[in-house]
Amino acid sequence: MDKAERIYQELLQEKTGIWYISDGYGSKIMIKVPSSILKAIIKGCKIELAFGLDDNIFHIGMKIYDDPINFITLTSAQKNIDEHFSIAKIMQLDKVQIQLYNELCACQCFGDIILTTKNKNDILCLLGNPKRLFTGLIDERIHHSADNFQFSLGLDIPTKHRTFTKIETLVIETKIKNLQTMNNAFVEDSGLVSTDVSDPDEGTLLEKEVFVVLRSLFGSNIHHSPQIAIKTPKQRELIDILAYSDYGVFLIESKALGIINSNDVRNMDRKVKGLQKQIEKGINQIVGAYKKISENERIYTDSGENVEFNRTLPPCGIVLVSELLPFGKWDHLLQKLLIAMSDNGIMIHIMDMNELMQFIGHSKNDKDLFDYYLMERIQSFVENPSILRETKFIKGE
């Protein structure tokens, strides 16, 4: 596998990541984070680059202060010789382009990072001779070294039964200048679907992104913003996204965190409460949509065409948020979710965009496999009810 293919595969598989790249096409830094984090970067939140050396193992990282206390940190152990040489090359440049990707693995915005001469020299001194640095496969030693790096950055390490060693680190505050957002266009049967991460209508943006990625599974059996008739000449939306297969009906309601239009700096407690309120609203909307389906209410596409599907199939709802925040108390919302599922005979998942992309990626363009994975997830949920879940796909033999 060549370097370009390796980086592309890592970009697809990793939830978050940071890459320093220098090749025949130029030099750049790439980062992948959830859209909610990208929006905080666009608004100008504080950013720090981090580097560490543990014996001959070199580490890179980035701190993104979307929240002043519970900020996000990206870390990675360098394991390929070209990665070491790329950093050495980039640190000799006056400026380097940074490209920012979200869950769709599409570049959403780009800009320039400019480091002082001292900063660059400090990084090069820490790096040393690239040929002497570790290259090879990730093993237990590398995992332990990665923990040492995070420990040295002052981050909490979940592993309790292990001692950590402080290693030499560098943390450098930087800014992204000349930031420009991309207008990404995706070709659909009905035309082009355009997305821009800086779009102030964040709810519609998330709907578009979900529709684009699910279209690869459901083809023509998916509808964005289907409508139902009411007593007046007007119509109203049934649900954000309706999809169906031979085995189930899928009702997806998306809820964005609302960052672009936020003028205040909300603490984590307010963020979590706002997120929980949105999720509760999404649960109620899914239940309401399923009732309309059960009552044989007529459903139309946004262009006015009648939508026909088997309404007796098992219903599966998904409340999709841009990011599930692992803070605060969730017991009250869990109770409401369980009651809604039990009283209405519907399976409802609460997940974020990162997890949805995992399910779509492992479904390999097969909507029935997607359905199967969701059934496995709901079974796991019933056995151990929790809003905050972590899905791991294990490769078979």
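The rules behind the values
Residues numbered from 1 in each chain as written. Predicted model: local features only at pLDDT ≥ 70, side-chain atom pairs only at ≥ 80, totals over all residues. Heavy atoms only, no water. Helix = DSSP H or I, 4+ residues; strand = E, 2+ residues; numbered from the N terminus. Buried < 20%, exposed > 50% of the residue type's maximum accessible area, 1.4 Å probe, protein only. Pairing = 2+ DSSP bridges. Axes fitted to C-alpha atoms, helices over the stretch in contact; angles between N-to-C directions. Contact = heavy atoms within 4.5 Å. Phe/Tyr/Trp six-rings, centres within 6.5 Å; stacked < 30°, edge-to-face > 60°. Core = buried A, V, L, I, M, F, W, Y, C linked by side-chain atoms within 4.5 Å.

> I'm lost on the environment of K291 in this one. Help?
Mapped onto the elements, K291 comes out in helix 7 (residues 268-294). Exposure remark for K291: the relative accessible area of 45% places this residue in the partly exposed category. A sequence separation of 53 residues divides K291 from N344, and the C-alpha atoms of the two residues are 8.4 Å apart.

> Would you mind showing me how to read unusual backbone geometry here?
As a rule of thumb, non-glycine residues mostly have phi less than zero, and peptide bonds are mostly trans rather than cis. A positive phi is found at K364, a non-glycine position, where the angle reads about 55 degrees. Under the relative-accessibility criterion, K364 is labelled exposed at 68%. Positive phi outside glycine occurs at N365, with the angle close to 65 degrees. Mapping N365 onto the fold places it in the loop between helix 9 (353-363) and helix 10 (367-383). According to the relative accessible area criterion, N365 is exposed, its value standing at 58%.

> Teacher, can you tell me more about the sheet that holds strand 6 (residues 96-101) here?
Ordered by their spatial adjacency, five strands build an open sheet running 1-2-6-7-9, and the pairing between neighbours is mixed. Every interior strand has two partners, whereas the edge strands, strand 1 (17-23) and strand 9 (176-181), have only one. If you compare each strand with its neighbour and ignore which way they point, the axes differ by 20 degrees on average. Judged from the six bridges that link them, strand 6 and strand 7 (residues 107-113) form a sheet pairing that is antiparallel. Across the sheet, residue Q99 finds its bridge partner in strand 7, namely F110. Against the sheet, helix 2 (residues 35-42) makes contact with strand 2 (26-32), strand 6, strand 7 and strand 9, and its axis sits at roughly 125 degrees relative to strand 9, the strand it touches most. Contacting strand 1, strand 2 and strand 6, helix 3 (residues 81-90) runs over the sheet at an angle of about 75 degrees to strand 1.

> How should the packing of aromatic side chains be read in this particular structure?
Where two aromatic rings form a pair, the distance of their centres and the angle of their planes describe that pair. Taken as a whole and assessed by the stated rule, the structure comprises 12 aromatic pairs. Between Y244 and F309, the aromatic rings sit 5.1 Å apart at their centres with planes inclined by 15 degrees, giving stacked as the arrangement. Within this pair, whereas Y244 is found in strand 15 (residues 241-244), its partner F309 is found in the loop between strand 17 (299-300) and strand 18 (315-321), the two being separated by 65 residues in sequence. The exposure class assigned to Y244 is buried, which follows from its relative accessible area of 11%. Members of the aromatic cluster, each reached through a chain of ring pairs, are F359, Y372, Y373 and F393.

> When you look at the nonpolar core in this model, what are you seeing that I'm missing?
For soluble globular proteins, nonpolar side chains are generally found buried alongside one another. Counting 64 residues, the largest nonpolar core has L242, I279, I348 and F370 as its most contacted members. Residue contributions to this core peak at 10 residues, all from helix 7. Sequence-distant contacts of L242, defined by excluding residues within four places in its chain, comprise N221, I222, H223, P226, V249, F250, L251, I293, I299, V307 and F309.

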